[in-house]
Amino acid sequence: MDQLNCIRTFIEIARTRSFTLAARRRGISRASATKHVAELEKQLGARLLIRNSQFVSLTDAGEKMLEGGVRLLEDLEGLSESIRGETAGLSGIVRVGVPPSFGAHHMTPAIAAFQAEVRDVEVALYLDDGTSKLVREGLDISIRIGEALPNSDELAKLLTFAPQVAVASPDYLAAGPPLHTPMDLVAHRCLVHVLKTPTHSWSFTGPDGTVAAPVDGRFRSNFGDALLAAALLGQGISIHPTYMVREHLMAGTLVRVLPDYEPTRLRIHAVYPQRRFLPARIRLFLDFLKDWLTEHGDRLESPLVRPEGAEAVSRSAG
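The structure contained in this document is the topic of the report that follows. Here the structure is a predicted model, which is why all the values come from computation and not from measurement. (Residues numbered from 1 in each chain as written. Predicted model: local features only at pLDDT ≥ 70, side-chain atom pairs only at ≥ 80, totals over all residues. Heavy atoms only, no water.)

1. Here we look at the overall build of the chain
Phase 1 of the analysis: Each helix and strand in the chain was counted, giving 11 helices and 15 strands.
Phase 2 of the analysis: For the chain, the proportion of its 318 residues judged to be buried stands at 45%.
Phase 3 of the analysis: Nonlocal contacts in the chain, meaning residues at least 24 apart in sequence, comprise 76% of its contacts between residues at least 6 apart. (Helix = DSSP H or I, 4+ residues; strand = E, 2+ residues; numbered from the N terminus. Buried < 20%, exposed > 50% of the residue type's maximum accessible area, 1.4 Å probe, protein only. Contact = heavy atoms within 4.5 Å.)

Right, here's the structure in full:
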């Protein structure tokens, strides 16, 4: 039995923790996937997986095989590219993890533009909250959006910046205490993103320079769309990239809070594993994505339009 096929099947099982899902991704039957793992374990003389009817997990040998198997396939791909030329017959798949709103607003049109130019490269987009382990999850790239990146052994490419805006519903602001400067947020319910705001502090730049305001509230999440939904329901004040709230600002269902103060812009990075060889299709996609976001930077901005009188509400709430 082809050992490389067995390794490829094992890697998919290790990543998905499912024989059924791995078999579907590999385009083989579940029975074949089971045979591939059994053959690989026989060749290595070691048990790689612990499985029963409810879960699949890796043994210590399986962890080593996952890491080493990924490197082996990368080296093989690198050797193939070096022999035939990096861009000759450019093909394969790029797996990208991305936050849902950014994926819908920006990655989808960027991928469409990329594939119009590079027709034989597939791109698969996966939900990623920024905490995925890239090798284990099988991601080539993860899009991370935040003020800073956590310390990591992974490599990062700065793509662009995303402006933010603080927002709340008109009803919430009308019923709340006065809100004139960022420090007034202490008296308000704030909807905190636990990944982007680990210190529970929002930073603003305004007439008096940079201000870091402590924020807290009864609802928090690592999912920006959930915080946006809560803001629309009048549950408090939230901060979002402007592209997420464009339509709500235009419709007046949300109002810009503290219009004289600008929240810190977010950095948008593409994070990818350190590897001895980065396939040409991934390098090409990274370069294309950076250029596309630079060229279409206006898509990250939002015309912060408020209905007549809404700004007055945000300035004099309470």
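2. Considerations on the sheet that holds strand E11 (residues 220-221)
Phase 1 of the analysis: An order of E11-E8-E12-E7-E13 is seen for the 5 strands of this open sheet, with the pairing classed as mixed. With partners counted over all chains shown, the strands left at the sheet margins are E11 and strand E13 (255-256), one partner each.
Phase 2 of the analysis: Alignment of strand E7 (residues 164-168) against E13, held across 2 bridges, turns out to be antiparallel. Across the sheet, the residue bridging to Val-167 is Arg-256, located in E13.
Phase 3 of the analysis: Of the strands in this sheet, strand E8 (190-193), E11 and strand E12 (237-241) touch helix H8 (residues 224-232), which is tilted by about 175° from E8.
Phase 4 of the analysis: On top of the sheet, helix H9 (residues 242-251) reaches E7, E12 and E13; it is set at about 115° to E12, its chief contact. (Pairing = 2+ DSSP bridges. Axes fitted to C-alpha atoms, helices over the stretch in contact; angles between N-to-C directions.)

3. Points about unusual backbone geometry
The phi angle of most residues is negative, glycine excepted, and most peptide bonds adopt the trans form.
Phase 1 of the analysis: A positive phi is found at Arg-17, a non-glycine position, where the angle reads about 55°.
Phase 2 of the analysis: Within the element layout of this structure, Arg-17 appears in the loop between helix H1 (3-16) and helix H2 (19-26).
Phase 3 of the analysis: Arg-17 sits in the partly exposed class, given a relative accessible area of 31%.
Phase 4 of the analysis: One non-glycine residue, His-200, lies in the positive phi region at around 55°.
Phase 5 of the analysis: In this structure, His-200 sits in the loop between E8 and strand E9 (201-206).

4. Some details on the nonpolar core
Phase 1 of the analysis: By size, the foremost hydrophobic cluster in this structure holds 43 residues, and its most contacted members are Phe-102, Met-107, Ile-141, Ile-143 and Phe-285.
Phase 2 of the analysis: At 8 residues, the largest contribution of residues to this core is made by helix H10 (residues 280-295).
Phase 3 of the analysis: Excluding its chain neighbours within four sequence positions, the residues that come into contact with Phe-285 are Val-94, Val-96, Met-107, Ile-111, Phe-114, Val-123 and Ile-141.
Phase 4 of the analysis: If you look at the next biggest cluster of nonpolar residues, it comprises 20 residues, including Phe-10, Val-37, Leu-48 and Leu-73. (Core = buried A, V, L, I, M, F, W, Y, C linked by side-chain atoms within 4.5 Å.)

5. Some points on H1
Phase 1 of the analysis: In this model H1 runs 20 Å from its N-terminal to its C-terminal C-alpha over 14 residues, within 8% of the 20 Å that 1.5 Å per residue would give.
Phase 2 of the analysis: Buried residues dominate H1, accounting for 10 of its 14 residues.
Phase 3 of the analysis: Among all positions of H1, only Cys-6, Ile-7, Thr-9, Phe-10, Ile-11, Glu-12, Ile-13, Ala-14, Arg-15 and Thr-16 are buried.
Phase 4 of the analysis: With a side-chain oxygen positioned 2.9 Å from the backbone nitrogen of Leu-4, the residue opening H1 is Asp-2. (Expected span 1.5 Å × (residues − 1). Polar contact = N/O pair within 3.5 Å; in protein donor to acceptor, adjacent residues only side chain to side chain.)

6. A look at the packing of H1 against H2
Phase 1 of the analysis: Look at H1 against H2: their axes get within 8 Å of each other, and the N-to-C directions meet at 130°. The angle between H1 and H2 falls in the class oblique. The chirality of how H1 crosses H2 is right-handed. When H1 is examined against H2, the residues Asn-5, Arg-8, Thr-9, Glu-12, Ile-13 and Thr-16 are found in contact with a partner set consisting of Phe-19, Leu-21, Ala-22, Arg-25 and Arg-26.
Phase 2 of the analysis: Of the residues belonging to the contact of H1 with H2, the class tally is 4 nonpolar, 3 polar and 4 charged. (Parallel < 35°, antiparallel > 145°, perpendicular 65-115°, else oblique. Left-handed = near helix turned anticlockwise from the far one by under 90°. Nonpolar A, V, L, I, M, F, W, Y, C, P; charged D, E, K, R; others polar.)

7. Topic: the sheet that holds E9
Phase 1 of the analysis: Spatially, E10-E9-E14 is the arrangement adopted by the 3 strands of the open sheet, whose pairing is antiparallel. A single partner strand is all that each edge strand has here, and the edge strands are strand E10 (209-214) and strand E14 (262-263).

8. Here's the deal with the packing of H2 against helix H3 (residues 30-44)
Phase 1 of the analysis: Where H2 meets H3, the axes come as close as 8 Å, and the angle between the chain directions of the two elements is 100°. In terms of orientation, H2 lies roughly perpendicular with respect to H3. Across the interface between the two elements, Phe-19, Thr-20 and Ala-23 of H2 pack against Arg-30, Ala-33, Thr-34 and Val-37 of H3.
Phase 2 of the analysis: Here the residues of the contact of H2 with H3 are counted per class, giving 4 nonpolar, 2 polar and 1 charged.

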